[in-house]
Amino acid sequence: MRRYTILLLVGFMLILAAVAGAAFPVDADKKIFGVPSKELLAYTTLPPETLTILSETYEREKNVKINFVPLSSKELIQSLRNDSVSDPTVVKTADFILTDSKTLSTAADLNLLTPYISETNDAVKNNFKDEYDRWIGVWYDPIIFCINRDYLRTLNNIPATWEELAENKRARIGITDFLAADASSNLMFQMIGNFGEEKTYEILSGIHPRVVQYAKYLSNPVRQAGMGEADISIAVESETLRYMQNHYPLKIIYPEDGTACIITGVGISTNDSIKNPAAAKFADWLLSDDAQISLQKNGFYFLSTNPQTLAYKTFAGKNLVLFKNNPKFTEQQCYEFLDRWVKEVRFK
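Residues numbered from 1 in each chain as written. Predicted model: local features only at pLDDT ≥ 70, side-chain atom pairs only at ≥ 80, totals over all residues. Heavy atoms only, no water.

### Considering the overall build of the chain
- Check the secondary structure of the chain and you find 15 helices and eleven strands.
- Burial analysis of the chain (348 residues in total) assigns 49% to the buried set.
- Within the chain, residue pairs in contact and separated by at least 24 positions form 77% of the contacts whose partners lie at least 6 positions apart.
- Carbon together with sulfur atoms contributes 54% to the accessible area of the chain, which is approximately 18300 Å² in total. (Helix = DSSP H or I, 4+ residues; strand = E, 2+ residues; numbered from the N terminus. Buried < 20%, exposed > 50% of the residue type's maximum accessible area, 1.4 Å probe, protein only. Contact = heavy atoms within 4.5 Å. Areas by Shrake-Rupley, 256 points an atom, 1.4 Å probe, with all protein chains shown as cover.)

### Considering the environment of Ser 304
- Its location among the elements puts Ser 304 in strand E11 (residues 303-304).
- Of the residues examined, Ser 304 reaches a relative accessible area of 5% and is grouped as buried.
- Between the C-alpha atoms of Ser 304 and Ala 291, which are 13 residues apart in sequence, the distance is 9.6 Å.
- Within the structure, the side chain of Ser 304 is placed 3.1 Å from the backbone nitrogen of Asn 306, a separation counted as a polar contact.
- Separated by 3.4 Å, the side chains of Ser 304 and Thr 309 make a polar contact. (Polar contact = N/O pair within 3.5 Å; in protein donor to acceptor, adjacent residues only side chain to side chain.)

### Regarding helix H11 (residues 237-245)
- If you check which residues of H11 are buried, you get Glu 237, Ser 238, Glu 239, Thr 240 and Tyr 243.
- Elements that come into contact with the buried residues of H11 comprise strand E5 (136-148), helix H10 (219-226), strand E8 (232-236), strand E9 (250-253) and E11.
- One or two steps after H11, the chain reaches His 247, where phi turns positive at roughly 70°.

### Focus on the side chain of Glu 239
- Following the sequence through the fold, Glu 239 ends up in helix H11.
- Using a relative accessible area of 18% as the deciding quantity, one classes Glu 239 as buried.
- Discounting residues that sit within four places of it in the chain, Glu 239 has contacts with Leu 218, Ser 219 and Val 222.

### So, the packing of helix H9 (residues 197-207) against helix H15 (residues 331-346)
- The interhelical angle for the contact between H9 and H15, taken along N-to-C directions, is 40°, at an axis separation of 11 Å. It follows from the interaxial angle that H9 and H15 lie oblique. As H9 packs across H15, the resulting crossing turns out to be right-handed. The residues of H15 that touch H9, namely those facing Glu 197, Glu 198, Tyr 201, Leu 204 and Ser 205, are Phe 337, Arg 340, Trp 341 and Val 345.
- Per-class residue counts for the contact of H9 with H15 are five nonpolar, one polar and three charged. (Axes fitted to C-alpha atoms, helices over the stretch in contact; angles between N-to-C directions. Parallel < 35°, antiparallel > 145°, perpendicular 65-115°, else oblique. Left-handed = near helix turned anticlockwise from the far one by under 90°. Nonpolar A, V, L, I, M, F, W, Y, C, P; charged D, E, K, R; others polar.)

### Things to note about unusual backbone geometry
- Phi is positive for Asn 111, close to 60°, though the residue is something other than glycine.
- Structurally, Asn 111 can be placed in the loop between helix H5 (101-109) and strand E4 (113-114).
- With a phi close to 70°, His 247 is a non-glycine residue in the positive phi region.

### Digging into the packing of aromatic side chains
- Enumeration over the complete set of coordinates arrives at 16 aromatic pairs.
- Between Phe 145 and Trp 162 the ring centres are 4.9 Å apart and the planes differ by 85°, which places this aromatic pair in the edge-to-face class. Highlighted residues: Phe 145 in strand E5 and Trp 162 in helix H7 (residues 162-167), separated in sequence by 17 residues. Each member of the pair, Phe 145 as well as Trp 162, is classed as buried.
- Among the aromatic residues, those joined into a cluster by ring pairs are Tyr 58, Phe 68, Phe 96, Phe 282 and Trp 285. (Phe/Tyr/Trp six-rings, centres within 6.5 Å; stacked < 30°, edge-to-face > 60°.)

### Some remarks on helix H3 (residues 48-62)
- In this model, H3 (15 residues) spans 21 Å end to end at C-alpha, consistent with the 21 Å of a helix rising 1.5 Å per residue.
- Those residues of H3 that sit buried are Thr 50, Leu 51, Ile 53, Leu 54, Ser 55, Thr 57 and Tyr 58.
- Along its buried surface, H3 packs onto strand E1 (38-44), strand E2 (64-70), strand E3 (96-100), E5, helix H12 (276-286) and helix H13 (289-297).
- Trailing H3 by a residue or two, Asn 63 shows a phi angle of about 60°, which is positive. (Expected span 1.5 Å × (residues − 1).)

### Overview of the nonpolar core
- Core analysis: the biggest nonpolar cluster contains 60 residues, and Ile 66, Phe 96, Tyr 140 and Leu 286 have the highest contact counts within it.
- No other element matches H12, which puts seven residues into this core.
- Those residues in contact with Tyr 140 that sit more than four places away from it in its chain are Phe 128, Cys 261, Ile 262, Ile 263, Phe 302, Leu 303, Ser 304, Thr 305, Phe 315, Leu 320 and Leu 322.
- Grouped together as the second largest cluster of nonpolar side chains are 36 residues, Phe 145, Leu 165, Phe 189 and Tyr 214 included. (Core = buried A, V, L, I, M, F, W, Y, C linked by side-chain atoms within 4.5 Å.)

What follows is the structure in structure tokens.
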């Protein structure tokens, strides 16, 4: 009798295990043991430090692993083109791209991105996204005037426009070489698109005699102003905020006649049909306060494009004016603009 009892108990336990197994989610074991339930592949031009922060935070919060593949802008477009003629069931293709607006626009014009709309990205202003919703800007980094506070106390009139900065004959100026960084060259191109070519070179020629050094990195002009080696620096706001968080005596002035910015955004690949919802969820997460907080905790201070976030609402620069025109110059035109600057301004 005891033997039959044992057999009945064993049978009951096997049935219970079978029922439990059927009710247990397929990917639940992955969640329990810390293995991501999903993985997404993304092409990007962003620096590795930023990518690590985003991927680790998203995996920890959403249990989805983002595999970033760092590429140059040209390599990214070519990789998307290769994906468009590949079989996604055979070849591993990108689910989305995370890059600057210029690269995103190129990909969209080549029909390599598929539109996506959500309640989150619908709140973003039109100047931060594609008119057909093929890509959405998630944050931006404007060019500003970064002024040393000690120098600021000596001024009766603070230069508030590009023309006023060019006319100031006393200030020592820090700036990144237009040939050294996209954010810097983008400033020149957008100035030309908004002020015209002749006026832009007139402003740059006025600034040139007082340039302390044409830096190779975006952080150096900010450091120069913070250390008192320059009075005013033309710099990206993210680097300026980072130095201000470290108690450097700096103040941000937003040019009243407009300024340029680098927009970072996300676009979903046309080759991504199966994981499209997961890629869209990540895009929406990039527009959240969670993404901004994770970046700021690690010293990256970008401006959110989402007006619904706390990061946007607490942004002090409500008077920031961005250039209205964002012309699409060809590579040849950009080369000619830079060449003229080198010959007529930099080494005149």
